[in-house]
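An overview of the molecular structure
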Amino acid sequence: MSISFEQIPADNMYPIFATEFGGSMSVKSGAMPWKNLIVGQPLRSKMNENGPLTLITSDEQADALFGSGSQLALMCKAFRKNTKSSELWALPVADDSTADAAEGSLTFEIEGVEEAPKLAAGGTVRLMISGQPCPVNVSAGDSAGVVASKVATAINAKINLPVIATSDPGAKAKYSFAVSAYTASDDKTATLTIGSSVYTVNLSSSDSTISAVLTKVETAAAGNGKFNVTADTENNKLVIEAKNVGTDSTTISLESTATITIGNKAVDVSGANPGNVVTLTAKNLGACGNGLDIRWNHNQGEVLPSGLGITLAAMANGGADPLYEDARVKETCSGNWFNMVVIGSADTDNVNYIKEMLDERWTAIVQQTGVMCFSLNGGAETDYTDKANALNSQEIVLAALPKSPTSGAEKASALFGCVAPKALNDPAKPLHNYAVAGVVAPRRDDREDYYGNNRLLESGCAPMVAAEDGSVFTSRIVTTYKRNAQGVQDKSFLQLETVLTLSYLRWDWNNYLALKYPQAKLAPDGSKYGKGQQVMTPSLGKAELIKCYKVWEEKGLVYDSAGFAANVVVELDPEDEYAMNFLIPAHLIKQFFVSKTKIVHD
């Protein structure tokens, strides 16, 4: 029998008219499998352990699972702001509970010679926190403390911000009298005067200690409405502290007719209006909060209300990010092919760990090519170039937009969210001049010029650029690959489109063979066999490869099919009688990034 059947048994004797189907004549691979992964930190209130891989289908789902304002929820939303159709998975890596959260502060001051100056007119404090606007309305007559309180309230009302705010409640007036050298005797008194209130106690020889005297005074003054009076019997002090925050000018005295030494009133805290400092604390623990951008008057024409000043202490002193290795990210991702991976951490150990995972998947055995993207919070040009210069991998993209107020985790997520659907549709199409939604451009004076962007590219960064209206666009997306294994300068895997095209060609060719020749036999050229047999030979393999190459050429992925046909090599493996070897001398199509023109004239 020359026809090879898959389902109809050769030894069947029962009468039957049997027909089976085979799709080898109409092999169509369809779209390349494409999944995207985001690795980031959820809020501790949502997850204090590393979570499972989760398919993300809405912003609301990300907030509910990971917590509003968490690094991971913000990354998912930044990605989805650029594409709703791309398949997106999230992997939560819990905060390291031993790490501190980054902190910063805003200190508000109002010009004036008064003890507690007030705003002469109202207005708006136009804050921006990690790229998110947070306007705060203030009124005439507001003190610096009131402004700070309003700011803290406004920040906490925006649940998508990556920080929480606390305003300093301010200081309370506090006084103390040190009492010593007391001699007990009858018919003596001790008098505490607080403003117009007078509290007198009778002393006798039975009040033999200083603590007894102070306790009597404390008891007598217990009904005071403005101050708390406390006997510090261990240190022989009478402590008077205002019940409310505020400047105090009350006259306070302590006197006695007994033989007693009373120290002068000591002012421990002079009193103040409600605190003028707002402390900002990152919602996630670790280094991810360091450098989160805090600013005001970002947009042209914005000004602070007259007389109001703000001093910023930048977000800093966050501990270490959780280690992805400890979270067993590789093991969790095992069995899943992720074409694009965004990580929220810029930690060197975490970047290298994900690179190792992608290195394994790049190999000819695993064949699950993936590319990682990360970025930095804020940062100057040199922060990006220094980071990129230390890296060398075709699997790493460092998204760069120096001095953008948007967090690094969101910049990287937005960039890959922008390019993922384009790369799926056409891996060789230039990924530049695409709008990146959700990323705020730097101030005009802070934007990179031609030379700065060129330095970023030379170091291995993928810069984004800002238009006049503040819109952000992709520029040229390069990987950090700069040198081969011997340390020699090499650009073969510099362009991201090159990596994506190679990944597609490998998948498409393997998929084509697997679909059309799933159970093929192998024979040398010139072998005789029936027409119904599926036998692979070197000449057939070469013909199939040339056919595929022409399809790739039509898709604009490669060029010069004639040259390819002349140089392609297909041969039986001399060492393995069950294998056939293919050499594909592909001419990858390039991207039109640079136009060089010279105009000569008469």
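About the criteria used
- Residues numbered from 1 in each chain as written.
- Predicted model: local features only at pLDDT ≥ 70, side-chain atom pairs only at ≥ 80, totals over all residues.
- Heavy atoms only, no water.
- Helix = DSSP H or I, 4+ residues; strand = E, 2+ residues; numbered from the N terminus.
- Buried < 20%, exposed > 50% of the residue type's maximum accessible area, 1.4 Å probe, protein only.
- Contact = heavy atoms within 4.5 Å.
- Phe/Tyr/Trp six-rings, centres within 6.5 Å; stacked < 30°, edge-to-face > 60°.
- Pairing = 2+ DSSP bridges.
- Axes fitted to C-alpha atoms, helices over the stretch in contact; angles between N-to-C directions.
- Salt bridge = Lys/Arg side-chain N within 4 Å of Asp/Glu carboxyl O.

Considerations on the overall build of the chain
A tally of regular secondary structure across the chain gives twelve helices and 27 strands. Looking at the chain residue by residue over its 602 residues, the buried ones come to 46%. Look at the contacts in the chain between residues 6 or more apart in sequence, and 70% of them connect residues 24 or more apart.

Observations regarding the packing of aromatic side chains
Counted under the stated rule, the structure contains nine aromatic pairs. Ring geometry for Trp 509 and Phe 582: centres 5.2 Å apart, planes at 75 degrees, overall edge-to-face. Placement of the pair is Trp 509 in helix α10 (residues 496-516) and Phe 582 in strand β27 (residues 580-583), with a sequence separation of 73 residues. Residue classification places Trp 509 among the buried positions, given a relative accessible area of 7%. Aromatic side chains Tyr 549 and Phe 564 sit 3.8 Å apart centroid to centroid with 5 degrees between the ring planes, which places their arrangement in the stacked category.

Remarks on the sheet that holds strand β6 (residues 132-138)
Strands sit in the order β6-β5-β17 across an open sheet of three strands; the sheet is antiparallel. Each edge of the sheet is formed by a strand with only one pairing partner; in this case those strands are β6 and β17 (294-296). Direction aside, neighbouring strands of the sheet carry axes that sit 25 degrees apart on average. As defined by bridge partners, strand β5 (residues 123-129) adjoins β6 across seven bridges and the pair is classed as antiparallel. The residue of β6 that forms the bridge with Met 128 is Pro 133. Against the sheet, helix α3 (residues 144-157) touches β5 and β6, its axis set at about 145 degrees to β6.

Side note on the environment of Thr 153
In this fold, Thr 153 is placed in helix α3. With relative accessibility at 53%, the residue Thr 153 sits in the exposed group. Each C-alpha atom of the pair Thr 153 and Gly 563 lies 69 Å from the other, and the pair is 410 residues apart in sequence.

So, the pairing of strand β16 (residues 277-285)
The element β16 is extensively covered by neighbouring structure, given that seven of its nine residues are classed as buried. In this sheet, β16 lies alongside strand β4 (residues 101-110) in antiparallel orientation, the contact comprising six bridges. Considered in β16, the bridge of Ser 105 is made with Thr 279.

Describing the pairing of strand β3 (residues 88-92)
Note on strand geometry: in a regular strand, side chains alternate between the two faces of the sheet. Here β3 lies mainly inside the structure; five of its five residues are buried. Alternating positions in β3 separate into two faces, Leu 88, Ala 90 and Pro 92 on one and Trp 89 and Leu 91 on the other, with burial throughout. Taken together, the five bridges between strand β1 (residues 36-40) and β3 define a ladder with parallel strand orientation. For Leu 37, the partnering residue across the bridge sits in β3 and is Trp 89. In this sheet, β3 lies alongside strand β2 (residues 54-56) in antiparallel orientation, the contact comprising three bridges.

So, the side chain of Lys 77
Inspection of the secondary structure puts Lys 77 in helix α2 (residues 71-80). If near-sequence neighbours (up to four positions away) are discounted, Lys 77 is found in contact with Asp 59, Asp 63 and Asn 160.

Structural notes on the pattern of salt bridges
Enumeration over the complete set of coordinates arrives at 14 salt bridges. A salt bridge links Glu 360 to Lys 330, with the nearest nitrogen and oxygen atoms 3.7 Å apart. Of this pair, Glu 360 sits in helix α6 (residues 348-362) while Lys 330 sits in helix α5 (residues 329-333); the two residues are 30 residues apart in sequence, bridging distant segments of the chain. Between Lys 355 and Asp 359 there is a salt bridge; the shortest N-O distance is 2.7 Å. Of the two residues, Lys 355 and Asp 359 are both situated in helix α6; the distance of four residues between them amounts to about one turn of the helix. Taken together, the shared-partner salt bridges in this structure form one network comprising Lys 330, Glu 356 and Glu 360.

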